[in-house]
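A structural walkthrough
Below are the chains, spelled out letter by letter.
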Amino acid sequence: MLLILCPYCGPRAEIEFRCGGESHIERPGPYSEVDDGAWADYLFTRKNPKGEHRERWLHAAGCRQWFNVARDTVSHTILAVYPMGKTRPPTEAGT
Amino acid sequence: MSDMAQPNRLPAGGAIEGRVDRNRPLAFTFDGKSYSGYAGDTLASALIAAGVKLIGRSFKYHRPRGIFSAGPEEPNALIELRGGARREPNTRATTIELYDGLEAASQNRWPSLAFDILAINQIASPLFVGGFYYKTFMWPASFWEKVYEPLIRRAAGLGRASESPDPDHYEKAYAFCDVLVVGSGPAGLAAALAAGRSGARVILCEDDAQLGGRLLSERQTIDDAPAHLFAAAAGGELRSLPNVCVMSRTQVFGAYDSEVYGALERVADHVTAPAAGVPRQRFWHIAAKRCVNAMGATERPIVFGGNDRPGVMLASAVRTYLNRFGVLPGRKAVVFTTNDDGWRTAADLVAAGAQVEAVVDPRASVDENLTKAAAAGGVRVLLGGYIVNVTGGARGVTSAIVSVAGKRQILTADLVAVSGGWNPQVALTTHRGGKPRWSDALSTFVPGDLPDGMTVAGAANGDLGLAESLRKGSEAGAAAAAACGFSAAPAPQPRAEDEPTAVAPLWHVAESRHKAFVDLQNDVTADDITLAHAEGFRSIEHLKRYTTLGMATDQGKTSNLNGHAMMAALTGQAMSDVGTILSRPPHQPVAIGAFAGHHRDRHFRPTRHTAGHAWALENGAVMVEAGPWLRPQYFPRSGEKDWLTTVVREVRTVRSVVGVCDVSTLGRIDIQGRDAAAFLDRVYVNTFSTLPVGKARYGVMLREDGFVMDDGTTSRFAEDHYVMSTTTANAAKIMQHLEFCHQALWPELDVSMVSVTEQWSQYAVAGPKARELLMQLYGPDVDLSNDALPYMGCREIPLRGIPTRLFRISFSGELAYELAVPARYGAAVLEALMALCGALGGCPYGTEAQSVMRIEKGHVAGNELNGQTVARDLGLGRMMSTKRDYIGRVMAGRPALMAPDRPTLVGIRPVEKGRRLTAGAHILPGGAAAVAANDQGYVTSVAYSPTCEGWIGLALVVNGPARHGERVHAFDAMRNNDQDVVICSPVFVDPEGVRLRG
Amino acid sequence: MSDVAASKGAEAARRGPFAGLNLDTRASGVTLADAGPCARFLLRGGGAAALAVGMALHLDMPREAYGCATDDAGRAMLWLGPDEWMLVAPEDDAAALTQKLDAALNDLAHALTDISHRNAGLIVRGPQVADAINAGCPLDLDIKAFPVGACTRTLLAKAEIVLWRIEADAFRIETTRSFAPYVVALLQQAARDQD
């Protein structure tokens, strides 16, 4: 049981959440003007960084809200949480 | 001594008598023989009291082994605990609390412990050197699996697991606190007291049944009283504090991310069997804001010849057996120590009345006080000396051969107490990636980088002195509480002394020419280390894998450091460069059952029942799992010889009269909002904004990569109100998908979703008399004519005050409705429906008949919506809107997904009339070889169709729609059912749809 | 309705989610009881909708996690998410409530869904109640961390529940109907484990 900080509910057990993978991925559009490369990027290309990774998580067994998590993939430390559609807020630690 | 049954029990009232409860004798058996001990004993101390020295045989060489330690680090005294279904192999005798009726057996011996035929392995020992797995039994290759491995496994295995199901249960639990204190030695108690007195929520976990740690094993004093009294008083105070939870018999085995700790509470391991309803063990997730790690230290042995003989024991363990349990592990002892601490063992042995032949210390000089005290006890002091060999056998140690300045002498002894210094328990500090740091002063690794929220105090941090442990523990506890916002005035420190703890490193007595063991449990010898070095396996990770050093159930608690230091000496590296093996949780073995907890048997997965479940059972339904649900599969009647007979009867009844089927398990999602229509247009391939109120429409949803995700009927009840249905299996997934689309992709839309699957019980009423049945149910005031409720219409109609929804939709192809009623009325309405249905000559039908009828109609279901099909493959391509964007639109247009030669939905019939079809058969052109290159698709669903009076199937076949009438081969080598089939339209019944509009 | 059901009347024709289940825990520290039928609505919407509902019902709408507002009429508004509330009320209040809410919400962006029959309500009570629930629920149930009146959606082992502390030693657990047998069996086992 890891604890994840839900921006609406506070720290809650990991088993209540679902990870939705990398965040800040815009759905391309309008569809008639987007090339295959943009779609391939949207669907298949992921950063997979060592270090800070921005992910979207769903508090599935809680407030049912999707939100963003900035997480260090090495230490598993959660660096920031913030609502969908927002940019990552600065923290003391860095970026 | 006094007691014949317990010859090694120290007499009550002596200078050292131990603290077992002599008023509570306990009977137990070992290898079938009866013994007795006292409450407060461990199995190990009771065996020592009884004079049992030989406990087991070693892993590879079957050497006689005794009791080596007094704690969880025990590598030798592994036994099978209990019998029957509760038999537990590889249990450490040193950690088992004695209980009345305890049954234990030695393991890894045949035919008996005293006479073990496989001890011959000692003579064949060149075969079992390091890396023997990789080189000894390599030829011929086929012999490995068939001969060598089974043989070695029998010869070298340890205990036998029970093959019966575990009769006990295990619980999981979650706990939360400000400060978690791990360990209740002096530092842990001091920390818990400091934190507890401040008002912080404290959990104190102690692996042992009693609080106190080393305080229970030493003759030290705190505040001028015996130290164990301090432990008892501290425990009493802690238990009296409402904010403190003291958990004994609980080992913290892992430190995990975000300051969560795993702990195992042995609730009922100290009794024969758990009382009714009591779990054997409880698996704790503890979320702690701060953790004071006071796990203490483990004494390390020294590697010398014969250091595995029964009677060679850690020096601190000897003190534990004397001071805590009042048993004498030997009458004539030699103490071999590289540090000041070991000398206390000599003093305690003397105080207990044993003879100590000598203290052997390789250091050239030691503190004068030590030598003076030894001399006063009549103990010879051999400075600059080493034990090079210990002789003995199954009956135990007989002598120690000591070398001092090149001269050897033989000392008669039945006990060799060994101390190479102390290794702090760094495990918890490393579970999250922290690396321990080498300390030259202590000749060992001490905690380095600490995980967030953890501090280490006492011996676990290398602070070995009692006074220092108490002080550091108290500081750590107060600091941890303060970090959580709690503070208290500091209490006066208890008075205690810091005993001398100087140490000089010695890992291996190089003079030894006899088998000297590094890893006692895995039988890794000093020679194996040398061999690994000679063969190039020099990094500690290679050393581990090549020799199996540290890979036994004890995970190298007494062996790793010695082995690594010996390798460092061979390679000429400094220990700080060599580093240490990173340990992973669990720190001690944890039963799989504890990890599973209640998630087994009926609790493994919730089984969900519809409101009509009881009715179905009462009416003889055979139930089938449909995802998490149980649904009626068919309703057999007496005289029907098999399920097919029943299903044929059910299909015929529906097609000719009427039938009722419980379809409550289909997912239903209430979608409301001003933008509900726009939202649906973006998640479905077809358009729902044009759907009139009061109508339903079949919809198909894609994944963003263009493949079909789900299908179902969505109905419109108001401009801003739709009810979507999903397949049973995908109900939760689709709900999550819709939430994602709304929140992540189009938050600007005014739409919200609520799962209402369980609000409604829903029944399909299908067949020519479906309307008649429903008219009887609703009564004459409700108009159900084609004009009032046409095909694909939906209405909200009250039924005697109950709000119901009636949908004119059909999965079977018949005139059909689905009736939804609030779930608490579900059972009653089903009963009413069935009474009317029966009177009309209809019957209930289950998932089998439903499946047959949907195959007859060519409707796709899970077998076709298999994640590999696009809408065009299923004949649904024309539904796809060309005017707008929707999820999956662009990717569904990829050339490969548009290719005309993709496998596409068709029907098939056997050429040989009456022959059975099988799903999964591959379609090959007639006469083509059965190779992958000729594969043209596969059969997805088959059924015996009473309507067609023969087997029919659905298949995905390359270029399918253009091939109706073609004869191809259905290849099914798996079930030996090859046959020719004819491709046809997937709609076998009523292709014009006359019936469903009737 | 047919003769069978009509003879019983609509009231008698109902069958609750706990019908046929034995709720006895055979434990001294925890008891289970059926909360019985009641009116339940799920309200989804923004701040304006919440404001309107609060005014219409004279309830101080909870705006934060764990929040719950109750009144003397037995109505309770439970915060489930930033745009989601569950309204629980006596069953005979349903029609009046619907009318009031429909009027208040009128043109505001919202969704009001009747889930009275979807859920099953269970009252779990006793001195060991928090420990028993913690056998499957990963929340800190200390009275300070989760005081009387606190509520949230969470998990009980593999069932999704809404947990609501109604007294220091009593919780109401709301789960979806078909999970009732699972939740009951799990709590019975956990209750016995605490004895």
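Remember, predicted model here, so these are calculated numbers, not experimental data.

1. Some points on the overall build of chain C
Within chain C, the secondary structure is distributed over five helices and ten strands. Scaling as 2.2 N^0.38, a compact globule of 195 residues should have a C-alpha radius of gyration of about 16 Å, and chain C matches this with 18 Å. When its C-alpha atoms are laid out on the principal axes, chain C stretches across 55 × 55 × 30 Å. Here chain C holds 195 residues, and 53% of them are scored as buried.

2. Observations regarding the nonpolar core
Counting residues in each nonpolar core, the largest one holds 271 residues, and the members touching the most others are Val-765 of chain B together with Val-183 of chain C. A per-element tally of this core places strand 8 (residues 170-182) of chain B first, with ten residues. Beyond its immediate chain neighbours, meaning those up to four positions away, Val-183 of chain C contacts Leu-122, Leu-156, Ala-159, Ile-161, Ile-173 and Thr-175 of chain C. With 98 residues, the next largest nonpolar core counts Leu-47, Ala-49, Val-390 and Met-567 of chain B among its residues.

3. Some points on the sheet that holds strand 9 (residues 159-167) of chain C
All names here are of chain C. Ordered by their spatial adjacency, five strands build an open sheet running 1-7-10-9-8, and the pairing between neighbours is antiparallel. Every other strand in the sheet has two partners, leaving strand 1 (31-34) and strand 8 (151-156) as the edge strands with one partner each. Within this sheet the neighbouring strands show an average axis-to-axis angle of 30 degrees, counted without direction. When strand 1 meets strand 7 (residues 119-125), the two strands line up antiparallel, connected through four bridges.

4. A short note on helix 13 (residues 560-571) of chain B
Residue and element names in this part refer to chain B. Helix length check: helix 13 (twelve residues) gives 16 Å between terminal C-alpha atoms against 16 Å at 1.5 Å per residue, within 8%. Residues of helix 13 that are buried include every one of Asn-560, Leu-561, Asn-562, Gly-563, His-564, Ala-565, Met-566 and Met-567, and no others. Just past helix 13, the residue Gly-572 takes up positive phi, approximately 75 degrees.

5. A closer look at the sheet that holds strand 35 (residues 696-702) of chain B
All names here are of chain B. A sheet is described by the order of its strands in space; here five strands give the open sequence 35-36-37-34-38, paired in antiparallel fashion. With partners counted over all chains shown, the strands left at the sheet margins are strand 35 and strand 38 (752-755), one partner each. Neighbour-to-neighbour, the strand axes of this sheet turn through a mean angle of 30 degrees, independent of strand direction. Pairing of strand 36 (residues 708-718) with strand 37 (residues 721-726) involves four bridges; the strand directions are antiparallel. Each bridged residue has a counterpart across the sheet, and for Thr-714 the counterpart in strand 37 is Met-724.

6. What about the interface of chain B and chain C?
You'll often see interface size given as the accessible area lost when the parts meet. Contact residues are listed per partner, giving 46 residues for chain B and 43 residues for chain C. Elements with a contribution of two residues or more to the side of chain B that touches chain C: strand 8, strand 34 (667-672), strand 38 and helix 21 (826-839) of chain B. It is helix 21 of chain B that contributes the most residues to the side of chain B that touches chain C, seven residues altogether. For the side of chain B that touches chain C, the residue count by class is 22 nonpolar, eleven polar and 13 charged.

7. Some details on the domain arrangement of chain B
Splitting chain B by domain gives domain 1 (21-156), domain 2 (170-297 + 424-483), domain 3 (310-420), domain 4 (507-571), domain 5 (613-665 + 759-853) and domain 6 (667-758). For domain 2 of chain B versus domain 4 of chain B, the distance between C-alpha centres works out to 31 Å.

8. So, the interface of chain A and chain B
Across the contact, 20 residues belong to chain A and 20 residues belong to chain B. Breaking the side of chain A that touches chain B down by element, the ones donating at least two residues are helix 1 (36-44) and strand 4 (52-58) of chain A. In terms of residue class, the side of chain A that touches chain B is built from twelve nonpolar, five polar and three charged.

9. Some thoughts on the domain arrangement of chain C
Residues and elements named next belong to chain C. The domains assigned to chain C are domain 1 (18-37 + 118-195) and domain 2 (38-115). For the side of domain 1 that touches domain 2, the secondary-structure elements that each account for two or more residues are strand 7, strand 8 and strand 9. Residues of the side of domain 1 that touches domain 2, tallied by class, amount to six nonpolar, five polar and two charged.

10. Focus: unusual backbone geometry
Of all residues except glycine, most have a negative phi; of all peptide bonds, most are trans. All names here are of chain A. Residue Gly-29 is joined to Pro-30 through a cis peptide bond whose omega torsion reads -5 degrees. With respect to the helices and strands, Pro-30 occurs in the loop between strand 3 (18-22) and helix 1. Despite not being glycine, Asn-48 shows a phi value in the positive range, around 50 degrees. Topologically, Asn-48 is positioned in the loop between helix 1 and strand 4. At His-76, a residue that is not glycine, the phi angle is positive and equals roughly 65 degrees. The topology assignment puts His-76 in the loop between strand 5 (66-72) and strand 6 (78-83).

What counts as what
Residues numbered from 1 in each chain as written. Chains lettered and ligands numbered in written order. Predicted model: local features only at pLDDT ≥ 70, side-chain atom pairs only at ≥ 80, totals over all residues. Helix = DSSP H or I, 4+ residues; strand = E, 2+ residues; numbered from the N terminus. Rg over C-alpha atoms; globule rule 2.2 N^0.38 Å. Buried ≥ 20, exposed ≤ 12 C-beta atoms within 10 Å, placed from the backbone. Core = buried A, V, L, I, M, F, W, Y, C linked by C-beta atoms within 7 Å. Contact = placed C-beta atoms within 7 Å. Pairing = 2+ DSSP bridges. Axes fitted to C-alpha atoms, helices over the stretch in contact; angles between N-to-C directions. Expected span 1.5 Å × (residues − 1). Nonpolar A, V, L, I, M, F, W, Y, C, P; charged D, E, K, R; others polar. Domains from an automatic or database assignment.

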